[in-house]
Amino acid sequence: MGVLNMSKLSAISLAVCSDIDLEFHFKRMNNQTAQKFYEIQCQNFQKIITTCIDENVAVLMILGNLFGVDRPKNTTLELVVNEFRKLEEKGIEVWILPGHHDTPLIIINDLSVHYILENVSNVKILRKKDARFEDREINAPCLQSKVGEYDFSIYSSPNAMTRSEEHTSELQSPNTI
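Residues numbered from 1 in each chain as written. Predicted model: local features only at pLDDT ≥ 70, side-chain atom pairs only at ≥ 80, totals over all residues. Heavy atoms only, no water.

Colleague: I keep staring at the sheet that holds strand β1 (residues 14-17) and nothing clicks. Help me out?
Modeller: Strand pairing in a sheet relies on backbone hydrogen bonds, with the paired strands running either antiparallel or parallel. The four strands lie next to each other as β1-β2-β3-β4, forming an open sheet whose pairing is parallel. Each edge of the open sheet is held by one strand with a lone partner, namely β1 and β4 (123-125). This sheet shows a mean twist of 15° between the axes of neighbouring strands, independent of strand direction. By the bridge criterion, three bridges tie strand β3 (residues 93-97) to β4 in an arrangement that is parallel. (Pairing = 2+ DSSP bridges. Helix = DSSP H or I, 4+ residues; strand = E, 2+ residues; numbered from the N terminus. Axes fitted to C-alpha atoms, helices over the stretch in contact; angles between N-to-C directions.)

Colleague: Is there a simple way to think about the side chain of Glu93 in this case?
Modeller: Tracing the backbone through its elements, the reader meets Glu93 in strand β3. Of the residues examined, Glu93 reaches a relative accessible area of 16% and is grouped as buried. Within polar-contact distance, the side chain of Glu93 engages the side chain of Trp95 at 2.8 Å. Excluding its chain neighbours within four sequence positions, the residues that come into contact with Glu93 are Ala58, Val59, Leu60, Asn122, Lys124, Ser145, Lys146 and Val147. (Buried < 20%, exposed > 50% of the residue type's maximum accessible area, 1.4 Å probe, protein only. Polar contact = N/O pair within 3.5 Å; in protein donor to acceptor, adjacent residues only side chain to side chain. Contact = heavy atoms within 4.5 Å.)

Colleague: How should I be thinking about the environment of Asn44 in this particular structure?
Modeller: Position of Asn44 relative to the elements: it lies in helix α1 (residues 31-54). Sequence spacing of Asn44 and Ile20 is 24 residues, and the spatial spacing of their C-alpha atoms is 8.2 Å.

Colleague: What's the story with α1 in this structure? I'm lost.
Modeller: Its 24 residues give α1 an end-to-end C-alpha distance of 34 Å, which sits within 8% of 34 Å, the value for a rise of 1.5 Å per residue. Listing the buried residues of α1 in full gives Ala34, Tyr38, Gln41, Cys42, Phe45, Ile49 and Cys52. Where α1 is buried, its residues touch β1, β2 (59-63) and α2 (74-89). A distance of 3.1 Å separates the backbone nitrogen of Gln32 from a side-chain oxygen at the start of α1, and that oxygen is part of Asn30. (Expected span 1.5 Å × (residues − 1).)

Colleague: Would you mind showing me how to read the pairing of β3 here?
Modeller: The side chains of a regular strand alternate, residue by residue, between the two faces of the sheet. Buried residues dominate β3, accounting for four of its five residues. Alignment of β2 against β3, held across five bridges, turns out to be parallel. Its bridge partner being in β3, Val59 is matched across the sheet by Glu93. Assessed by its sense of winding, the connection that carries the chain from β2 through α2 to β3 is right-handed. (Right-handed = clockwise from strand over helix to strand, strands pointing away.)

Colleague: Quick question: what am I supposed to make of the environment of Val147 here?
Modeller: Mapped onto the elements of the fold, Val147 is located in strand β5 (residues 143-147). Taking the relative accessible area as the measure of exposure, Val147 reaches 7% and is therefore buried. It is 8.0 Å that separates the C-alpha atoms of Val147 and Val59, two residues lying 88 residues apart in sequence. Beyond its immediate sequence surroundings of up to four residues, Val147 is in contact with Ile12, Ala58, Val59, Glu93, Trp95 and Phe152.

Colleague: So what exactly am I meant to see when it comes to the environment of Glu39 here?
Modeller: Looking at the element boundaries, Glu39 is found in helix α1. Assessed through its relative accessible area of 33%, Glu39 is described here as partly exposed.

Colleague: It is not clear to me how the pattern of salt bridges should be interpreted in this structure. Could you clarify?
Modeller: Opposite charge on two side chains lets them pair, provided their charged atoms get close. A full pass over the atoms with the stated rule returns two salt bridges. In this structure, Glu83 engages Lys86 in a salt bridge whose closest nitrogen and oxygen atoms are separated by 3.0 Å. Placement of both Glu83 and Lys86 in helix α2 is noted, with a separation of three residues, approximately one turn of the helix. On the basis of relative accessible area, Glu83 is assigned to the buried category, the value being 4%. The class of Lys86 is partly exposed, set by a relative accessible area of 39%. The partner of Lys124 in a salt bridge is Glu93, with the nearest N and O atoms 3.0 Å apart. Of this pair, Lys124 sits in strand β4 while Glu93 sits in strand β3, and the two are 31 residues apart along the sequence. (Salt bridge = Lys/Arg side-chain N within 4 Å of Asp/Glu carboxyl O.)

Shown next, in the form of structure tokens:
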């Protein structure tokens, strides 16, 4: 068995965040308060991006709930894409693990908004594309990537973005509550 000599490894800088929840608002908020809350969310997201650039991180990992809704507005998507492109210009990768707020329900025949974000070359969505909803095993990485001299294998449980026809029809059955 070999021993890893840590002194020979160079440092790598990762930024990790979660629950940005863009567009999430509490039901009791009036429109004016909800709008102000949304503006603060956007400013905080932009601060995350600026910090990643200023600190010259290699990867920004967003571990769940970039969005607070499963269908964000086009203006919110435009903001996110523009901010991710700033990271792209600096060579910073973005790895996103979809969360339960920003993933459509299985019974809705809809794709996750995260597919749109993959049009930005530095964005990778952490999911197993061939996973079936009823699979509960983690048997293969959802992302394998090299950052600098480091190889990364990211594992995640199967997600709700992929569903089987069998399970979908089962959920839509009138006998299912």
